[in-house]
Amino acid sequence: MTGRLAAISSLIEPARVIADVGCDHGLIAEYCVKNGVCEHVIASDISATCLNKAKSKLAAYKNVTFTVCDGIEYECDEAIIAGMGGLLISAILEKAAVLPQTLVLCPHRDADIVRRTLIRLRYSIDGDIIAEERGKIYFIIRARRDGGAQALDELQYLFGVNYRCENDLLKAYLQKLYDICMLAPDKNADRLASVLAAMTAQGMRLPD
């Protein structure tokens, strides 16, 4: 598995029914059935063409159900959603028929929006890690719907619940954001302030 998929897999926990939402080639579904982390897998995608790729890959497994649908239109204990932006992931969660107990999410962008949606839906984030693939940084988030009221500060929404823990990938991500903000510092003043605060928390040497 690639760095991103390996990181996603590391946050998946055993459950009775796991859904690979927007499964495309079914790589996450394949990981789940091959490693016996669940009794049953639902592989779903809005595209029948994409779902056929997963069907071909997983044809030998009898404990996989293939469903063409837009989002989560079924019951499952744990859902993995990757390969799409944070706005779309949030929209899928907002309109889910039944919200899963556990979620593992890997947005391509707008991870802060995903975190805000999770807290609004009464999930608690207990896993928030960073992975790199082909030069791009990804946040992978695990959350549980326990009805609690988890309180996050603004920097946790923006840069992960563990932004205070020193991490080389996060440092690289913050440096990239800083460089982008400095192209138009006045326009990006609020964003720049947040980036500098996170850089300080990471123990990075701030620019003069």
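Please read all numbers here as calculations on a predicted model, not as lab measurements. (Residues numbered from 1 in each chain as written. Predicted model: local features only at pLDDT ≥ 70, side-chain atom pairs only at ≥ 80, totals over all residues. Heavy atoms only, no water.)

**Concerning the environment of I18**
- By secondary structure assignment, the location of I18 is in strand β1 (residues 15-21).
- Of the residues examined, I18 reaches a relative accessible area of 1% and is grouped as buried.
- Residues I18 and C32, 14 residues apart in the sequence, show an inter-C-alpha distance of 7.9 Å. (Helix = DSSP H or I, 4+ residues; strand = E, 2+ residues; numbered from the N terminus. Buried < 20%, exposed > 50% of the residue type's maximum accessible area, 1.4 Å probe, protein only.)

**Focus on the sheet that holds strand β3 (residues 64-68)**
- Pairing is mixed across the open sheet formed by 7 strands, whose spatial order is β3-β2-β1-β4-β5-β7-β6. Because the sheet does not close on itself, it has two edges, and the strands there are β3 and β6 (123-133). For this sheet, the mean angle separating the axes of adjacent strands, direction not counted, is 15 degrees.
- Here 10 bridges tie β6 to strand β7 (residues 136-145), and the two strands are oriented antiparallel to one another. By the bridge assignment, S124 is partnered in β7 with R144.
- On top of the sheet, helix α2 (residues 27-34) reaches β1, β2 (38-45), β3 and β4 (78-84); it is set at about 170 degrees to β2, its chief contact.
- Sheet strands in contact with helix α4 (residues 86-94) are β4 and β5 (102-107), and its direction is about 150 degrees off that of β4. (Pairing = 2+ DSSP bridges. Axes fitted to C-alpha atoms, helices over the stretch in contact; angles between N-to-C directions. Contact = heavy atoms within 4.5 Å.)

**Comments concerning the nonpolar core**
- Ranked by size, the top nonpolar core spans 28 residues in total, and within it I72, Y74, I81, L93, L105 and L118 carry the most contacts.
- Elements represented by at least two residues in this core include exactly β1, β4, α4, β5, α5 (111-120), β6 and β7.
- Once you skip the residues sitting within four places of it in the chain, I72 turns out to touch V21, A79, I81, I92, L93, A96, A97, V98 and P100.
- Formed by 27 residues, the second largest nonpolar core is a distinct cluster that contains I18, V41, L58 and I140. (Core = buried A, V, L, I, M, F, W, Y, C linked by side-chain atoms within 4.5 Å.)

**As for the environment of C76**
- Looking at where C76 falls in the secondary structure, it is placed in the loop between β3 and β4.
- Measuring from C-alpha to C-alpha, the distance between C76 and Y178 comes to 40 Å, with 102 residues separating the pair along the chain.
- Contact partners of C76, with chain neighbours within four places excluded, come to V17, A19, P100 and Q101.

**A look at the side chain of S194**
- Assignment of secondary structure puts S194 in helix α8 (residues 189-201).
- When residues no more than four places from it in sequence are discounted, the contact partners of S194 are L155, L158 and F159.

**Here we look at the packing of aromatic side chains**
- The full count for this structure, using the stated rule, is 1 aromatic pair.
- Taken together, a centroid distance of 5.4 Å and an interplanar angle of 85 degrees make the contact between F139 and Y173 edge-to-face. Here Y173 lies in helix α7 (residues 168-181) and F139 lies in strand β7, a separation of 34 residues in the sequence.
- On the basis of relative accessible area, F139 is assigned to the buried category, the value being 6%.
- Sitting above the plane of the Y138 ring, R4 keeps its charged end 5.3 Å from the centroid. (Phe/Tyr/Trp six-rings, centres within 6.5 Å; stacked < 30°, edge-to-face > 60°. Lys NZ or Arg CZ within 6 Å of the ring centre and 35° of its normal.)

**Observations concerning the packing of α4 against α5**
- It is at 8 Å that the axes of α4 and α5 come closest, and there the two elements cross at 15 degrees. Between α4 and α5, the crossing angle belongs to the class labelled roughly parallel. Judged by the twist between their axes, the crossing of α4 over α5 is right-handed. Contact residues: G86, L87, I89, S90, L93 and E94 in α4; I113, V114, T117, L118 and R120 in α5.
- Counted by class, the contact of α4 with α5 contains 6 nonpolar, 3 polar and 2 charged residues. (Parallel < 35°, antiparallel > 145°, perpendicular 65-115°, else oblique. Left-handed = near helix turned anticlockwise from the far one by under 90°. Nonpolar A, V, L, I, M, F, W, Y, C, P; charged D, E, K, R; others polar.)

**Concerning the pairing of β1**
- Burial of β1 is extensive: 6 of the 7 residues sit out of reach of the surface.
- Where β1 and β2 come together, 6 bridges link them in parallel fashion. Within β2, the position partnered with A15 by the bridge is C38.
- For β1 and β4, the ladder comprises 4 bridges, and the chain directions are parallel. Note that in β4 the partner of D20 across the bridge is I80.

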